[in-house]
Amino acid sequence: MPLGPLELYKLLPRTNCGDCHQPSCLAFATQVVGNGYELRECVHLDDGTLADIERQLSVQRQQGVFVKKDSHKITREHLQEKIKEHDFCAIAPGLGIEFTQVDGEDALLIQYFDKKVILTHREIRLQVSGQLDPWDQVLLYNYIFFAGEKPLSTRWVGLESFPNSLSKRAALEEVCHRRISSTFGGHMESLRTACLGLGGVESLEDNNADLAYRFQALPKVPLLLLFWDEDKEEGFDSQTRILFDSVAKDYLDLEGLCFLAEKLVLRLLTKKEESKCREAKRI
């Protein structure tokens, strides 16, 4: 069997340390397998393991396996292969999704934020017209591949609560938390409007945030956005946190969780821009 991104990923330290200059071990594995990235950039592999993997990679590169494709396509095709044996009817309840039939073929109907996606063993597409981003496809195939089934704990935790999350925490802070804080600081009602526009549900749980909204990114992967607005008189800047259910890693890896958080942030920023455009037209 060819050494695909997931197989290589399992042979790596899986610490997401960033020493290879890639955002995660899975991203590094994808670059090595599909784009010829040097395996030796991972400085934590022992010489024996390194030599064995390089020999296998050399053989499959000569055969043209996983060569000259976009990284998202490599990962998507590999995950498609991995879920071929998944019994969709059996795993659907645990994932909180609907099992159905499309043209006589087993299929899953997945609620992904505000969109519905149809996934079969051969393809993935939006239920209605429109394009599904390639990395969204990878994320959804990964959700099916994990086939999680743990009940949600309803206990919210930060990314730091998950093992080996150090490198991803910095990215989450920079790409997600700071962007929300800098964009909506002093404009909390604008953020509230954006949250409601994305189907966010106000959280009545015990927290001291000025604003708290829950989003159902995937059926078993909710996100909780907490926001504290700036207080210039007291000298406090606005603060943001995105939290996850404590069993979230039963359904996605750290990279997938961060990807969902980033998607939420991008959608909130888009909602703000749409609101500005509507205001400009009224003027």
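Just above, that's the structure.
Values in this document were obtained by computation on a predicted structure and should not be read as measured data.

Reading the values: rules and limits
Residues numbered from 1 in each chain as written. Predicted model: local features only at pLDDT ≥ 70, side-chain atom pairs only at ≥ 80, totals over all residues. Heavy atoms only, no water. Phe/Tyr/Trp six-rings, centres within 6.5 Å; stacked < 30°, edge-to-face > 60°. Lys NZ or Arg CZ within 6 Å of the ring centre and 35° of its normal. 1 Å grid on protein atoms, 1.4 Å probe; cavity = no way out; pocket = protein on both sides within 12 Å on 5 of 7 lines; lining within 4 Å. Points joined across faces, edges and corners; volume = space filled by probe spheres on them. Nonpolar A, V, L, I, M, F, W, Y, C, P; charged D, E, K, R; others polar. Helix = DSSP H or I, 4+ residues; strand = E, 2+ residues; numbered from the N terminus. Buried < 20%, exposed > 50% of the residue type's maximum accessible area, 1.4 Å probe, protein only. Polar contact = N/O pair within 3.5 Å; in protein donor to acceptor, adjacent residues only side chain to side chain. Contact = heavy atoms within 4.5 Å. Salt bridge = Lys/Arg side-chain N within 4 Å of Asp/Glu carboxyl O. Core = buried A, V, L, I, M, F, W, Y, C linked by side-chain atoms within 4.5 Å. Pairing = 2+ DSSP bridges.

Chemist: Is there a simple way to explain the packing of aromatic side chains in this structure?
Modeler: Here the distance between the centres and the angle between the planes together describe a pair of aromatic rings. Under the definition given, this model contains 5 aromatic pairs. Summarising the aromatic geometry, the rings of Tyr 112 and Phe 113 are spaced 5.5 Å apart at their centres and angled 55° between planes, so their arrangement reads as tilted. With a centroid separation of 6.3 Å and an interplanar angle of 80°, the aromatic rings of Phe 145 and Phe 146 are classed as edge-to-face. Note that Arg 14 overlies the ring of Tyr 9, its terminal NZ or CZ placed 5.9 Å from the centroid. Above the face of the Tyr 112 ring, Arg 267 is positioned so that its terminal group lies 6.0 Å from the ring centre.

Chemist: Sorry if this is basic, but what is going on with empty space enclosed by the protein here?
Modeler: A water-sized probe rolled over the atoms picks out the places where empty space is left. Per the counting criterion, the structure on display carries 1 cavity of 30 Å³ or more. In this structure, the largest cavity encloses a volume near 100 Å³. In this structure, the largest cavity is lined by 16 residues; those nearest its centre are Cys 17, Gly 18, Cys 20, Cys 25 and Cys 42. Residue composition of the lining of the largest cavity, by class: 8 nonpolar, 6 polar and 2 charged.

Chemist: In this structure, what is going on with the layout of surface pockets? I would like to understand it.
Modeler: Quantified by volume, the largest pocket comes out at close to 520 Å³. Contributing to the lining of the largest pocket are 24 residues, with Pro 23, Trp 135, Lys 168, Glu 255 and Phe 259 lying nearest its centre. Put simply, the parts of the chain that give the lining of the largest pocket at least two residues each are helix H2 (25–35), helix H4 (71–82), helix H6 (134–146), helix H7 (166–184) and helix H9 (254–282). At 6 residues, H7 tops the list of elements feeding residues into the lining of the largest pocket. Estimated volume of the second largest pocket: approximately 160 Å³. Around the second largest pocket, the lining residues are Tyr 9, Arg 14, Asn 16, Ser 24, Cys 25, Leu 26, Pro 163, Asn 164, Lys 249, Asp 253, Leu 254 and Glu 255. Counting only elements with at least two residues in the lining of the second largest pocket, the list comes to H2 and H9. Looking at the lining of the second largest pocket residue by residue, the class counts come to 5 nonpolar, 3 polar and 4 charged.

Chemist: Explain the side chain of Asp 136 here, please?
Modeler: Within the secondary structure, Asp 136 sits in helix H6. Using a relative accessible area of 5% as the deciding quantity, one classes Asp 136 as buried. One polar contact links Asp 136 to Lys 263, side chain to side chain, over a distance of 3.4 Å. If we ignore the near neighbours within four places in the chain, the residues touching Asp 136 are Tyr 112, Phe 259 and Lys 263.

Chemist: Help me understand the environment of Arg 179 in this model?
Modeler: Note that Arg 179 resides in helix H7. Using a relative accessible area of 31% as the deciding quantity, one classes Arg 179 as partly exposed. Residues Arg 179 and Thr 240, spaced 61 residues apart in sequence, show a C-alpha to C-alpha distance of 8.9 Å. The residues contacting Arg 179, other than those within four sequence positions of it, are Glu 174, Val 265, Leu 266 and Leu 269.

Chemist: Which parts of the structure should I look at to understand the pattern of salt bridges?
Modeler: As a working rule, side chains carrying opposite charge can pair if their charged atoms are close by. According to the stated counting rule, one finds 15 salt bridges in the structure shown. When the shortest N-O distance is used, the salt bridge between Glu 173 and Arg 178 registers 3.9 Å. Residue classification places Glu 173 among the partly exposed residues on the basis of a relative accessible area of 31%. Assessed through its relative accessible area of 47%, Arg 178 is described here as partly exposed. Among the ionic pairs, Glu 230 bridges to Lys 232, the shortest N-O distance being 3.9 Å. Judged by its relative accessible area of 71%, Lys 232 falls in the exposed class. Here the salt bridges do not stand alone but share partners, grouping Glu 173, Glu 174 and Arg 178 into one network.

Chemist: Hey, could you run me through the nonpolar core in this one?
Modeler: When a protein is soluble and globular, its nonpolar side chains tend to lie buried together. Counting residues in each nonpolar core, the largest one holds 77 residues, and the members touching the most others are Ile 144, Leu 218, Phe 244, Leu 260 and Leu 268. Beyond its immediate chain neighbours, meaning those up to four positions away, Leu 268 contacts Ile 180, Phe 184, Leu 191, Ala 194, Cys 195, Leu 198, Phe 215 and Leu 225. With 6 residues, the next largest nonpolar core counts Ala 209, Ala 212, Leu 224 and Leu 243 among its residues.

Chemist: Just to check I follow, could you spell out the sheet that holds strand E5 (residues 156–157) for this structure?
Modeler: Sheet strands line up and pair through hydrogen bonds in the backbone, either parallel or antiparallel. Here we have 5 strands laid out as an open sheet, ordered E5-E9-E8-E7-E6, and antiparallel in their pairing. Where the open sheet ends on each side, the last strands, each with one partner, are E5 and strand E6 (201–202). Taken together, the 6 bridges between strand E8 (residues 221–228) and strand E9 (residues 239–245) define a ladder with antiparallel strand orientation. Bridge assignment links Leu 226 to a residue of E9, and that residue is Arg 241.

Chemist: What is the right way to read the environment of Pro 151 from this model?
Modeler: Among the secondary structure elements, Pro 151 is positioned in the loop between H6 and E5. Spatially, the C-alpha atoms of Pro 151 and Lys 220 are 8.4 Å apart, while their sequence positions differ by 69 residues. Here Pro 151 is in contact with Val 247 and Tyr 251, once residues within four sequence places are set aside.

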